[in-house]
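Descriptive analysis of the structure
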Amino acid sequence: MARAPGRDRGRDREERESEFTEKLVHINRVAKVVKGGKRFGFAALVVVGDLKGRVGFGHGKAREVPEAIRKATESAKRGLVRVPLRDARTLHHDSKGRHGSGKVVLRSAPPGTGIIAGGAMRAVFEMLGVQDVVAKSLGSTNPYNVVRATFDALKGQENPRGVAARRSKKVSEIVSRRRDGATAGEAGAEA
């Protein structure tokens, strides 16, 4: 017996959504003063990721907390970014990001370091699937600015394969520089 084509699409969407995990970063209660008193609303900041290199954040506002979280989650899933990871555990290189007065510095770390980062950045790294990273937030402590600055820094991440292709070099030349700390020209001159 053949199935209706619409049913499979619904199941595929559920499977695709279930691969993502979400983390509530911040919830804010806002009040609107009206003639009869105050009307309260809620704003939520959520980070969503697949723990394998894709991550996104979203912001949602509603009268009830669950509705605000749902809206923020949908917004986060629409704006996912892919970040290349080294050995599926850390960043390829150090980077800086900023948004408004929020500044962040991200550094790759050796195995066993863990996630050394503050609240909003920690949520981004956990949803991204990073296991070892050292990060510092400078300037604004507003979670919205910190998350956006973190995404600004993550967007600058490049993998060695892409850099090698752009420079018309071999991947081994670029990766060896990372290990040695010296350039290939200096290493060749010493030999």
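A short tour of the structure in this document, coming up. All residue numbers refer to position in the chain's written sequence, counted from 1. The predicted origin of the model limits local features to residues at a pLDDT of at least 70 and limits the giving and counting of side-chain atom pairs to 80 or more, whereas totals for whole chains, interfaces and linings rest on all residues. Excluding hydrogens and water, the side-chain values take into account all heavy atoms of the structure.

**Quick word on the pattern of salt bridges**
What counts here: When a carboxyl oxygen of Asp or Glu lies within 4 Å of a side-chain nitrogen of Lys or Arg, that pair is called a salt bridge. Secondary structure follows DSSP: runs of H or I at least 4 residues long count as helices, runs of E at least 2 residues long count as strands, and numbering of each begins at the N terminus. A 1.4 Å probe rolled over the protein chains alone gives each residue an accessible area, and that area as a share of the maximum for its type sets the label: buried under 20%, exposed over 50%, partly exposed in between.
A full pass over the atoms with the stated rule returns nine salt bridges. Close ionic contact of Glu67 with Arg70 constitutes a salt bridge, the shortest N to O distance being 2.5 Å. With Glu67 and Arg70 both in helix H2 (residues 65-78) and three residues apart, the pair spans about one turn of that helix. Residue classification places Glu67 among the partly exposed positions, given a relative accessible area of 31%.

**Things to note about the side chain of Ser140**
Filter applied, for reference: Two residues form a contact once any of their heavy atoms are found within 4.5 Å.
As for its placement among the helices and strands, Ser140 is situated in the loop between strand S8 (133-139) and helix H4 (143-155). For Ser140, a relative accessible area of 13% corresponds to the buried category. With residues up to four places along the chain from it excluded, the contact list for Ser140 reads Ser101, Gly102, Asn145 and Val146.

**With respect to the packing of aromatic side chains**
Spelled out, the test is: The pairing test for Phe, Tyr and Trp rings, Trp by its six-membered ring, is centres within 6.5 Å, and the orientation test on the planes gives stacked under 30 degrees, edge-to-face over 60, and tilted for anything in between.
Under the defined criterion, the tally for this structure stands at one aromatic pair. Judged by centre distance (4.9 Å) and plane angle (55°), the ring pair of Phe57 and Phe151 falls under tilted. One end of the pair, Phe57, is in strand S3 (residues 54-62); the other, Phe151, is in helix H4, and 94 residues separate them in sequence.

**A look at the sheet that holds S3**
Under the convention used in this document: For two strands to be treated as a pair, DSSP must find at least two bridges joining them. Every angle, taken between N-to-C directions, lies between 0 and 180 degrees, and every axis is a line fitted to C-alpha atoms, over only the stretch in contact when it is a helix.
Read across the open sheet, the four strands follow the order S1-S2-S3-S4; overall the sheet is antiparallel. Edge strands, defined here as strands with exactly one partner in the open sheet, are strand S1 (21-34) and strand S4 (81-82). Both S3 and S4 contribute to a ladder of two bridges, which runs antiparallel. The residue of S4 that forms the bridge with Val55 is Val81. Of the strands in this sheet, S1, strand S2 (37-49), S3 and S4 touch H4, which is tilted by about 155° from S3.

**Remarks on the side chain of Asn145**
In this fold, Asn145 is placed in helix H4. Not counting residues up to four positions away in its chain, the partners in contact with Asn145 are His99, Ser101, Gly102 and Ser140.

**Brief notes about the environment of Ala135**
Secondary-structure assignment places Ala135 in strand S8. In this structure Ala135 comes out as buried when scored by relative accessible area, which is 11%. Between the alpha carbons of Ala135 and Ala109 there is a distance of 9.8 Å; along the sequence they are 26 residues apart. Residues contacting Ala135, with those up to four places away along its chain left out, are Val105, Leu106, Ile116, Ala117, Met121 and Phe125.

**A closer look at unusual backbone geometry**
Unlike most non-glycine residues, Asp87 shows phi in positive territory, near 55°. Summarising the element assignment, Asp87 is placed in the loop between S4 and strand S5 (95-99). Taking relative accessible area as the criterion, Asp87 reaches 61% and is therefore assigned exposed. At Ser168, a position not held by glycine, the phi torsion is positive, near 60°. Ser168 sits in the exposed class, given a relative accessible area of 68%.

Shape is all these values report; function is a separate question.
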